[in-house]
Amino acid sequence: MNDVRYDLPEADGFTRPYWDAAAEGRLLLRRCADCGRAHHYPREFCPFCWAGEDRVAWEAASGRATLYTWSVIHRNDLPPFGTRVPYTAAVVDLAEGPRMMTEVVACPAPDLRIGMPLTVAFREAAQGLHVPVFEPAA
């Protein structure tokens, strides 16, 4: 039996605030104090103006997004994805500006539309580890 999982992030000292917030149901972004732009995935430096880690800080995101694109996955042989097919892999535009890879849940594929409003939810991927997913906004 293969116990390797391909859906779990590697949390480290730098990303620990992100994963701790996710476990509490909060989505965090990084914002640069020099250029003012937010980014995701979390990086220690600003990917736009290259400001160093002393100029980039964590901030709470609103949790609002719009659907940019998606693909319904019907086959995935990597554990544990095979037990979850079909699922909807997606890219969303966060209200704060960054684009984020994620999964859309609680929405049948025929109901998906580019630009549809979404809100963040969190799925427990492993004991104490929650990952952000998105669902249609109420």
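This text follows the structure it describes.
No experiment lies behind these values; they were computed from the predicted model shown. (Residues numbered from 1 in each chain as written. Predicted model: local features only at pLDDT ≥ 70, side-chain atom pairs only at ≥ 80, totals over all residues. Heavy atoms only, no water.)

1. Some thoughts on the nonpolar core
For step 1, the next point in the chain: One finds Leu 27, Leu 67, Val 92, Leu 94, Leu 118 and Phe 134 to be the most contacted residues of the largest nonpolar core, which totals 25 residues.
For step 2, the next point in the chain: Of all the elements in the fold, those that place two or more residues in this core are helix H1 (16-23), strand S1 (28-32), strand S4 (64-73), strand S5 (87-94), strand S6 (99-104), strand S7 (117-126) and strand S8 (129-136).
For step 3, the next point in the chain: When residues in this core are grouped by element, the largest group, four residues, is from H1.
For step 4, the next point in the chain: Excluding residues that lie within four positions of it along the chain, Leu 94 makes contacts with Leu 27, Leu 29, Arg 64, Ala 65, Met 100 and Phe 134. (Core = buried A, V, L, I, M, F, W, Y, C linked by side-chain atoms within 4.5 Å. Buried < 20%, exposed > 50% of the residue type's maximum accessible area, 1.4 Å probe, protein only. Helix = DSSP H or I, 4+ residues; strand = E, 2+ residues; numbered from the N terminus. Contact = heavy atoms within 4.5 Å.)

2. Considerations on a nonpolar patch on the surface
For step 1, the next point in the chain: A cluster of nonpolar side chains, Val 4, Tyr 6 and Leu 78, forms an exposed patch at the surface whose accessible area comes to about 270 Å².
For step 2, the next point in the chain: Residue Tyr 6 is classed as partly exposed on the basis of its relative accessible area of 44%. (Patch = residues over 30% accessible without salt bridge, like charges linked within 9 Å, V, L, I, M, F, W, Y side chains within 5 Å. Areas by Shrake-Rupley, 256 points an atom, 1.4 Å probe, with all protein chains shown as cover. Salt bridge = Lys/Arg side-chain N within 4 Å of Asp/Glu carboxyl O.)

3. Describing the sheet that holds strand S2 (residues 38-39)
For step 1, the next point in the chain: Read from one edge of the open sheet, three strands run S2-S1-S3, paired in antiparallel fashion. Whereas interior strands pair on both sides, the edge strands pair on one side only; in this sheet they are S2 and strand S3 (56-60).
For step 2, the next point in the chain: Note that S1 and S3 share five bridges and pair antiparallel. Counted as the bridge partner of Leu 29 is Glu 59 from S3. (Pairing = 2+ DSSP bridges.)

4. Focus on the packing of aromatic side chains
For step 1, the next point in the chain: Counted under the stated rule, the structure contains five aromatic pairs.
For step 2, the next point in the chain: Consider the rings of Phe 45 and Trp 50, whose centres lie 5.0 Å apart with planes at 0°: the pair is stacked.
For step 3, the next point in the chain: Here Phe 45 falls in the partly exposed class, since its relative accessible area comes to 30%.
For step 4, the next point in the chain: A relative accessible area of 62% places Trp 50 in the exposed class.
For step 5, the next point in the chain: Feature note: the residues Phe 14, Tyr 18, Trp 19 and Trp 58 constitute an aromatic cluster, connected by ring pairs.
For step 6, the next point in the chain: Taking the ring centre of Tyr 41 as reference, the NZ or CZ of Arg 43 above it sits at 4.0 Å. (Phe/Tyr/Trp six-rings, centres within 6.5 Å; stacked < 30°, edge-to-face > 60°. Lys NZ or Arg CZ within 6 Å of the ring centre and 35° of its normal.)

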